[in-house]
Structure formats: C-alpha cells, structure tokens
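So the chains spell out like this:
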Amino acid sequence: MLSAVRTSFNANVFARFASTKYFTKTHEFIDVDDKVGKVGITQYAATHLGEIVYAELPEIDAEVMKDEVLCAVESVKAASDVVMPVGGVVTGVNSELESRPAMINENPFNGWIAEVQISDLEELNGLMTQADYQEYLQHCDH
C-alpha cells in the first residue's frame, strides 16, 4: 500500500510541475518541462538592468546547487549574478546569447540562459507561480 501511495504522490508531483514557469524573489525564472528547466532572468530584472551586453554562459555538465550562482549577465548599467532557482546539472546553454545578449531584453523566455536537469522537483515548491510573482512585483521595491 505504501508503495502505491508513494507512486501516486510522485505522479502528482510530476504532473504539477510539467510545462510550468516558476519565479524567484531575486527575479530568475525556470521554465519547467518534465524534469528539465530553462533558467533565465525575468523581464523585471532585464528592464532594471538595462540593455544586456554580455551573458556569461555556464559550463555544460556543471552541477549547481539551489541558490548558488549559475552565471552572470552584464548590462550598460551593472553586472548581476544569475542564481539557480533549483539544484541541477547544466545540460545546455543558449549559445545565441554569445552574439545577441540583448535577446534577454527582447524576450527573457526566448533569451533563457541555461537548460538544466532538475535534481529534486520538490525544490520547485519553494518558488512562486506566475500569478504569485505578479503579486510579488506589485510590492517589490528592488
């Protein structure tokens, strides 16, 4: 019986996280499909940074823990670390950013930085949904 409950729970967790965007209070997003997520910065972050002129891409196969620095982006105004919303292994990078870093400003979801294999889907529970993030932005001073 316990294994049936565990299987049911895992299926529910998996279904909840399929093809969904999650956000952090530091303005990163992860667009999750299955156990793979594309990580980038939000439109709010891109707007506040100004024109992105450089995106440091992480190394493929790098294992990055939740809340660790994944990479950095530089704008005409400042440089900013991009923090991992969940732990995982980098499986791909958006190489278009090497020649067109301003893609992040144009559309952050298309200007995602890294694709990661998520280590623990439960870590997504600590992130905001899109509706939660929109509410958060209404009260955000930074």
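Residues numbered from 1 in each chain as written. Predicted model: local features only at pLDDT ≥ 70, side-chain atom pairs only at ≥ 80, totals over all residues. Heavy atoms only, no water.

Chemist: Looking at this structure, I do not really get the packing of aromatic side chains. What am I missing?
Modeler: The description of two aromatic rings rests on the distance between their centres and on the angle between their planes. Under the defined criterion, the tally for this structure stands at four aromatic pairs. Here the aromatic rings of Phe 23 and Phe 109 are separated by 6.4 Å at their centres, their planes lie at 75°, and the arrangement is edge-to-face. With a gap of 86 residues between them, Phe 23 in strand β1 (residues 20-23) and Phe 109 in the loop between α3 (103-106) and β9 (114-118) connect regions that are remote in the sequence. Residue Phe 109 is classed as partly exposed on the basis of its relative accessible area of 32%. Grouped by ring-pair contacts, the aromatic residues Phe 23, Phe 29, Phe 109, Tyr 133 and Tyr 136 constitute a single cluster. Over the aromatic face of Phe 109 sits the side chain of Lys 21, whose NZ or CZ is 4.8 Å from the ring centroid. (Phe/Tyr/Trp six-rings, centres within 6.5 Å; stacked < 30°, edge-to-face > 60°. Helix = DSSP H or I, 4+ residues; strand = E, 2+ residues; numbered from the N terminus. Buried < 20%, exposed > 50% of the residue type's maximum accessible area, 1.4 Å probe, protein only. Lys NZ or Arg CZ within 6 Å of the ring centre and 35° of its normal.)

Chemist: Got a minute to help me understand the UniProt feature "modified residue: N6-lipoyllysine" (unreviewed entry) in the chain in this structure?
Modeler: In this structure's numbering, the residues bearing the UniProt feature "modified residue: N6-lipoyllysine" (unreviewed entry) are Lys 77. Of note, Lys 77 is situated in the loop between β6 (69-75) and β7 (79-83). In this view, Lys 77 contacts Thr 47, His 48, Leu 49 and Gly 50; residues no more than four positions away in its chain are not counted. (UniProt positions renumbered as here; feature names shortened; annotations may be inferred. Contact = heavy atoms within 4.5 Å.)

Chemist: Got a minute to help me understand the nonpolar core in this structure?
Modeler: In globular proteins that are soluble, nonpolar side chains generally tend to be buried together. Counting 29 residues, the largest nonpolar core has Ile 30, Ile 41, Leu 70, Val 73, Ile 104 and Ile 113 as the members making the most contacts within it. Listing elements by their share of this core, those giving two or more residues are β2 (28-33), β3 (36-41), α2 (43-49), β4 (52-56), β6, α3 and β9. In contact with Ile 30, not counting residues within four places along its chain, are Thr 20, Lys 21, Tyr 22, Gly 37, Lys 38, Val 39, Pro 85, Val 86, Val 116, Ile 118, Leu 124 and Leu 127. Counting eight residues, the second-largest nonpolar core is a separate cluster that includes Phe 23, Phe 29, Trp 112 and Tyr 136. (Core = buried A, V, L, I, M, F, W, Y, C linked by side-chain atoms within 4.5 Å.)

Chemist: I would appreciate a short explanation of the environment of Met 128 in the present structure.
Modeler: Mapped onto the fold, Met 128 is located in the loop between β9 and α4 (130-138). Each C-alpha atom of the pair Met 128 and Tyr 22 lies 5.5 Å from the other, and the pair is 106 residues apart in sequence. In contact with Met 128, not counting residues within four places along its chain, are Lys 21, Tyr 22, Phe 23, Thr 24, Lys 25, Tyr 133 and Tyr 136.

Chemist: When you look at unusual backbone geometry in this model, what are you seeing that I'm missing?
Modeler: Glycine aside, a negative phi is what most residues show, and trans is what most peptide bonds show. A positive phi is found at His 27, a non-glycine position, where the angle reads about 75°. Tracing the backbone through its elements, the reader meets His 27 in the loop between β1 and β2. Positive phi, close to 75°, is recorded for Asp 61, a residue that is not glycine. Among the structural elements, Asp 61 can be located in the loop between β4 and β5 (63-64).

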